[in-house]
Structure formats: C-alpha cells, structure tokens
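# Coordinates in review
Single-letter residue listing:
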Amino acid sequence: MFTVYVYVLETLADWELGYVTSELHSGRFFKKGAACVSLKTVSCSKKPIHTMGGLTVIPDCLIDDIVVSETSVLLLPGADTWNDSKHGAIIKKADEFLSAGATVGAICGATTALAGFGLLDSRRHTSNGQGFLEMFSPAYKGQNFYIDEPSVADHNLITANSAGSLLWAKQIIERLGVFQSDTLEFWYEYFSTGKAESFFTLMQTFVRSCLCAGGSACTAQINYQSAGIAGIYSRLW
C-alpha cells in the first residue's frame with residue numbers, strides 16, 4: 001500500500017493538486033491488482049489552513065507522524081507562504097524521503113523551498129523559471145540541472161511549474177504504477193485536449209483491462225464510476 005502525504009499550508013494552490021489527488025484517492029482508473037493508496041493531509045500543526053481558493057482544510061496528521069518508506073509519497077503544493085521558516089521541517093522530511101528512495105513531488109513555490117535546502121543542486125528539476133528559483137532561493141546552485149519543461153521526473157523527485165499540474169500528476173501516477181500504461185497515456189491525452197474521441201479511447205483501455213481481468217465484478221466497477229462512463233461502456237457492445 002502507498003501512503004501519500006499531502007502537505008497543506010496557508011494559501012495552498014488548490015488547482016495544482018486536483019488531478020493527482022483525485023485519481024489517487026478515487027482509484028477510478030486503477031488497473032486490476034494495483035496497490036491501495038491512503039491519502040493523508042499533513043501540516044506543522046493541527047490548525048485549519050485556508051487555500052488560495054478559500055477552502056478550509058484540517059490536517060489529518062503532523063509532520064512527526066509521517067512514516068518514511070519506499071512506499072511513502074510526499075506531495076508539496078505551491079503556496080505564497082513557503083518563505084515561512086516553520087516549513088523547514090517538511091523540507092528536512094523531504095530530504096529523508098529522497099534518501100530512502102521514497103517519492104517526492106513538488107510544484108510551483110514548493111520548488112523554491114527544495115532549492116533553498118540544496119535538494120535541487122544535483123537533480124534534474126524544473127520550476128517557474130531558473131530566475132524564479134534564484135530570486136526566491138539565493139542559495140540555489142542547481143542551474144546546470146534545470147530543465148525548462150512543465151514537469152520533470154528525476155527518479156524519485158518530480159518537480160513542476162505552476163502550469164504543469166497535469167503532467168506532474170501523470171508522472172507521479174506513472175511512478176507509482178497504479179494505471180495501465182495505455183490508460184495513463186489516454187488519460188493524459190483526454191485531459192490535455194478535451195476531445196471526445198480521447199475520452200472514448202481512454203474508456204476502451206479501461207474496459208479491456210477489466211474484461212481481461214475477469215468480467216462481472218469489473219463491469220460493476222465501471223458502472224459505478226458515473227452515468228457518462230456507464231454510457232460509454234454500453235456503447236462498446
């Protein structure tokens with residue numbers, strides 16, 4: 001089982017987490033036999049935090065409660081408050097994750113916190129621009145490893161800029177191996193393009209997977225997803 005810890009802090013950028021948390025929590029496109037995923041919000045206190053979109057989140061656990069293992073995942077979203085020194089504790093924990101082979105995903109402003117602790121100095125990474133990292137993290141020395149792409153995966157570290165949340169989610173899901181490869185590719189294609197044919201192809205990969213894995217139980221699972229998906233399923237026959 002994977003345990004995914006989502007760090008929450010004031011002004012958290014809601015949209016940056018949407019794709020990855022919804023898919024990992026719902027499991028709606030998981031392949032048969034995929035590992036279960038437990039999603040937990042974590043913070044430096046149990047006080048409610050308020051996202052950029054005005055939502056209130058009460059953390060499930062504290063940083064000290066985090067268990068670091070190869071099946072642990074730490075997600076660090078963007079926010080306008082990463083320069084607060086109290087967040088140093090979660091970056092130290094991120095260092096532990098990376099050293100243990102556990103997955104760390106950081107997006108937008110969270111990359112500046114990693115840069116400030118030297119965690120990007122020798123790993124391929126991206127952000128909102130090399131100058132962005134230099135401006136907000138004067139100690140940053142990873143210029144030679146910077147890649148100007150929406151999201152970059154370097155083994156167990158996956159970083160993204162503020163517009164890269166979809167590709168970031170894809171790379172995290174791929175790292176965990178919970179989707180079939182063709183389902184993941186067409187999932188990404190559909191949410192990138194919005195084309196109906198991409199959605200239909202996505203559902204075909206999912207249905208084929210279920211039927212190959214054994215029929216009726218998967219049929220019930222598919223019909224459970226939504227009326228739209230059930231409609232696509234019926235058209236395949």
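Below is a short write-up of the structure. Quantities reported herein were computed from a predicted structural model and do not represent experimental measurements. (Residues numbered from 1 in each chain as written. Predicted model: local features only at pLDDT ≥ 70, side-chain atom pairs only at ≥ 80, totals over all residues. Heavy atoms only, no water.)

Moving on, we get to helix α6 (residues 181-193). Its 13 residues place the ends of α6 18 Å apart at the C-alpha level, agreeing with the 18 Å of an ideal helix rising 1.5 Å per residue. Downstream of α6 by one or two residues, Gly-194 has phi in the positive range, about 75°. (Helix = DSSP H or I, 4+ residues; strand = E, 2+ residues; numbered from the N terminus. Expected span 1.5 Å × (residues − 1).)

Now for the pairing of strand β8 (residues 151-154). Pairing geometry for β8 and strand β9 (residues 157-160), over four bridges, is antiparallel. Of the residues in β9, the one forming a bridge with Asp-154 is Leu-157. Counted along the chain from β8 to the antiparallel partner β9, the turn is two residues long, and its residue His-155 has a positive phi close to 55°. (Pairing = 2+ DSSP bridges.)

Attention shifts here to the pattern of salt bridges. For the coordinates displayed, the defined rule picks out four salt bridges. Here Arg-28 ties to Glu-23 by a salt bridge, and the two come within 2.6 Å at their closest N and O atoms. The salt bridge involving Lys-93 is made with Glu-96; its shortest N-O contact spans 3.6 Å. With Lys-93 and Glu-96 both in helix α2 (residues 88-100) and three residues apart, this pair spans about one turn of that helix. (Salt bridge = Lys/Arg side-chain N within 4 Å of Asp/Glu carboxyl O.)

We now examine unusual backbone geometry. Although it is not a glycine, Thr-11 adopts a positive phi angle of roughly 65°. Position of Thr-11 among the secondary structure elements: in the loop between β1 (2-7) and α1 (14-26). Phi angles above zero are rare outside glycine, and Cys-108 is one such case at about 55°. Along the chain, the position of Cys-108 falls in the loop between β7 (103-107) and α3 (110-116). Note on Cys-108: relative accessible area 14%, which makes it buried. (Buried < 20%, exposed > 50% of the residue type's maximum accessible area, 1.4 Å probe, protein only.)

What follows covers the nonpolar core. Core analysis: the largest hydrophobic core is formed by 31 residues, its most contacted members being Leu-24, Leu-75, Trp-168, Val-178, Phe-179 and Trp-187. Elements that contribute at least two residues to this core include exactly β1, α1, β6 (72-76), β9, α5 (165-176), α6 and α7 (196-213). Here this core takes six residues from α5, the largest share from any one element. Leaving out residues up to four positions away in the same chain, Trp-187 has contacts with Tyr-19, Glu-23, Phe-29, Leu-166, Ala-169, Lys-170, Ile-173, Phe-179 and Leu-202. Counting residues in hydrophobic clusters, the runner-up holds 29 residues, among them Val-42, Ile-63, Ile-66 and Ala-79. (Core = buried A, V, L, I, M, F, W, Y, C linked by side-chain atoms within 4.5 Å. Contact = heavy atoms within 4.5 Å.)

Here we take up the side chain of Ser-72. For Ser-72, the location among the structural elements is in strand β6. Note on Ser-72: relative accessible area 3%, which makes it buried. A polar contact is formed between the side chain of Ser-72 and the backbone oxygen of Val-67, at a distance of 2.7 Å. Residue contacts for Ser-72: discarding those within four places in its chain leaves Thr-3, Tyr-5, Val-67, Phe-97, Ala-102 and Thr-103. (Polar contact = N/O pair within 3.5 Å; in protein donor to acceptor, adjacent residues only side chain to side chain.)

Any link to function would need more than the numbers given here.
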